[in-house]
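# Close look at the chain arrangement
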Amino acid sequence: MKLLTCPMNGPRNIDEFQYLGPVRDDADPDTASDAAWARHVFRAANPPGRLLEWWRHVPTNFVFVAERDTVSNDVIRTFDPATAERP
Amino acid sequence: MVFRLLKYGLSHRYPVTGDIPATPDLKPRYDVVIIGGGGHGLSCAYHLARYHGIRRVAVLEKGWLAGGNTSRNTTTIRSNYLTPQGIAFYKEGLELFAAMSDELDFNIMFSQRGQLTLAHTEATMRAFHTRAEAGTYMGTRIEVVDPKGVEALCPELNMDYGGALEILGGLWHADGATARHDAVAWGYAAQAARCGVEIHQRTEVDGIEIAAGRVTGVVTSRGAIACDHVLIACGGMNYHVAQMAGVELPIRTYPLQAMVTQPVKPWLNILISSVSLHTYLVQSSRGEVVIGGGSDPYQLYSTRSTLDMKEHLAEGSVHLFPFLQGVRVLRQWAGITDMTPDYSPIMGASPVTNLWLDCGWGTWGFKATGVAGKRLAECIATGRVPAILHPFALERFERFALLNEMGATAASH
């Protein structure tokens, strides 16, 4: 079983986690155009390579960010966005 | 006998010419470049050469012929979708499959044995009624069957499993079929090559050249090519290749895993799938039980297999057919799928003139091998997108005009 290191709980089996998708910036509801909204809703980062993404440790309901390589499936790092600087 | 064999071996007629010519040298210019030497790309090349007289066509394939999702899918051909637009398109795809062996003079082993999708919840049964009505209206053979009907179609099914996830009914699609996937690609490739199409294996595309909003050529690992039209038909790599042209597709890429058991006596005459168990089974003509298909839970461009997904497929299979419990898994694999938000493909024009898209085929592309190639060849030859492809345009994601086929696609191949 692949391990994912939760910033709060340490390394756990990856089936304890829920994948919440790539990190993306929110669209501004007051100023975003229809096209910007459509882009926000339907387009997500999908590179073959490094990807920042949200994960949740289900038993503890702890949500964090992982950086993972989507070709090799290596997890480069995980961090709590509340305490760490986003690159 | 020995003498005749020796004479044959030494004669000039030996070795026999293969169906697919060896990769030729790249020419500096083609009318059409097709990126991706899988079923869809080869089908488009065939239709261009055979029906539109466009023979200066190069099919570029990074690996080997049909080595991607064409040979990794689980060969379900069906048209039991939900939307009228979806059903119309897949119905045409199914009809092309039925005529394909004659069309290509290549036995694709088309077997129209019918597909039964199982419901384990009332909600699924309601969805089945909607799909049956839509399919009947569109002229396909589809009906809802009760548990007695399910037993009649497949007496080996375990109907109650001790009360957990018992089978409440099914969706019987008599048009459902299967075929040999590599034969489909080889048939198209052989006939396209006979018409003059060049198939370039081990030729990777590194860039797409654009001038004044119009595609002008591609850069490959074997040199640059000028061309008038480019078709992107790269299966799992569509997002990446489209980005080379600055086109950002609404695609997220996931692996889909499948496996096949050791050969057993023929017993499963139909295609079986279960919505709740996320498992579908078909017995191949060699007797192996082909079992799909578990989508991985997170984005990945890798064809590795995982034990937990295989366990999940095995659990679903044994749930439906308990006597499979002692049967061994012979092979396992995964394909990389380009998933769209609405589980429908993206076909037709792109923001770049003469750059055509055959993308977003996710986990459901094999059944459309013929029709996607045929209709995209029509786009390229006439410069106009035919009406049947309008609902699948990339612009639908700007207009919020989605073609939602999630319920008819997920786990019911």
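Residues numbered from 1 in each chain as written. Chains lettered and ligands numbered in written order. Predicted model: local features only at pLDDT ≥ 70, side-chain atom pairs only at ≥ 80, totals over all residues. Heavy atoms only, no water.

A word on the overall build of chain A. On a plain count of helices and strands, chain A comes out with one helix and six strands. For chain A, the N- to C-terminal ordering of α and β elements is β-β-β-α-β-β-β. By principal-axis analysis of the C-alpha atoms, chain A measures approximately 45 × 25 × 25 Å. Of all 87 residues assigned to chain A, the portion counted as buried reaches 38%. Considering only intrachain contacts with a sequence separation of at least 6, the fraction spanning at least 24 residues in chain A is 42%. When the accessible surface of chain A is summed, it comes to about 4900 Å², and 48% of that surface belongs to carbon and sulfur atoms. Charge-centre separation for chain A: the mean point of 10 positive side chains lies 5 Å from the mean point of 13 negative side chains. (Helix = DSSP H or I, 4+ residues; strand = E, 2+ residues; numbered from the N terminus. Buried < 20%, exposed > 50% of the residue type's maximum accessible area, 1.4 Å probe, protein only. Contact = heavy atoms within 4.5 Å. Areas by Shrake-Rupley, 256 points an atom, 1.4 Å probe, with all protein chains shown as cover. Lys, Arg positive; Asp, Glu negative; His and termini not counted. Charge placed at Lys NZ, Arg CZ, Asp CG, Glu CD.)

Note on interface size: it is often stated as the accessible area lost on association of the parts. Between chain A and chain B, the residue contacts involve 25 residues of the former and 23 residues of the latter. Between chain A and chain B, roughly 1900 Å² of surface is buried when both sides are summed, and carbon and sulfur atoms account for 56% of that area. Considering only the surface of chain A that becomes buried against chain B, Phe 42, Arg 43 and Asn 46 of chain A emerge as the three largest contributors, covering 39% of it. Our count for the contact surface shared by chain A and chain B stands at two salt bridges. Here Glu 248 of chain B ties to Arg 39 of chain A by a salt bridge, and the two come within 2.8 Å at their closest N and O atoms. Across the chain A-chain B interface, the total number found is 13 residue pairs in polar contact (both at pLDDT 80 or more). Looking at the side of chain A that touches chain B, the elements that each hand over two or more residues are strand E3 (17–22), helix H1 (34–42), strand E4 (50–57) and strand E5 (62–69) of chain A. Counting residues per element, the side of chain A that touches chain B draws most heavily on H1 of chain A, at six residues. (Buried area = accessible area lost by both parts, 1.4 Å probe. Salt bridge = Lys/Arg side-chain N within 4 Å of Asp/Glu carboxyl O. Polar contact = N/O pair within 3.5 Å; in protein donor to acceptor, adjacent residues only side chain to side chain.)

Attention shifts here to unusual backbone geometry. Looking along the chain, the bond that leaves Gly 292 of chain B and enters Gly 293 of chain B is cis, with omega of -15°. Within the fold, Gly 293 of chain B resides in strand E13 (residues 289–295). The phi dihedral of Asn 61 of chain A is positive, around 55°, even though this residue is not glycine. Residue classification places Asn 61 of chain A among the exposed residues on the basis of a relative accessible area of 51%. One non-glycine residue, Met 109 of chain B, adopts positive backbone phi at about 55°. Note that Met 109 of chain B resides in the loop between helix H4 (100–104) and strand E3 (115–119). Judged by relative accessible area, Met 109 of chain B falls into the partly exposed class, the value being 36%.

All names here are of chain B. The domains assigned to chain B are domain 1 (23–73 + 182–250 + 342–409), domain 2 (115–173) and domain 3 (252–339). Contacts between domain 2 and domain 3 engage 18 residues on the former and 15 residues on the latter. For the pair domain 2 and domain 3, the two sides together bury roughly 1400 Å², of which 67% comes from carbon and sulfur. Counting across the interface, domain 2 meets domain 3 through zero salt bridges. Where domain 2 touches domain 3, the interface holds six residue pairs in polar contact (both at pLDDT 80 or more). Contributing elements (two or more residues each) for the side of domain 2 that touches domain 3: E3 and helix H5 (122–137). Each residue belonging to the side of domain 2 that touches domain 3 can be placed in one class, and the counts come to eleven nonpolar, six polar and one charged. (Domains from an automatic or database assignment. Nonpolar A, V, L, I, M, F, W, Y, C, P; charged D, E, K, R; others polar.)

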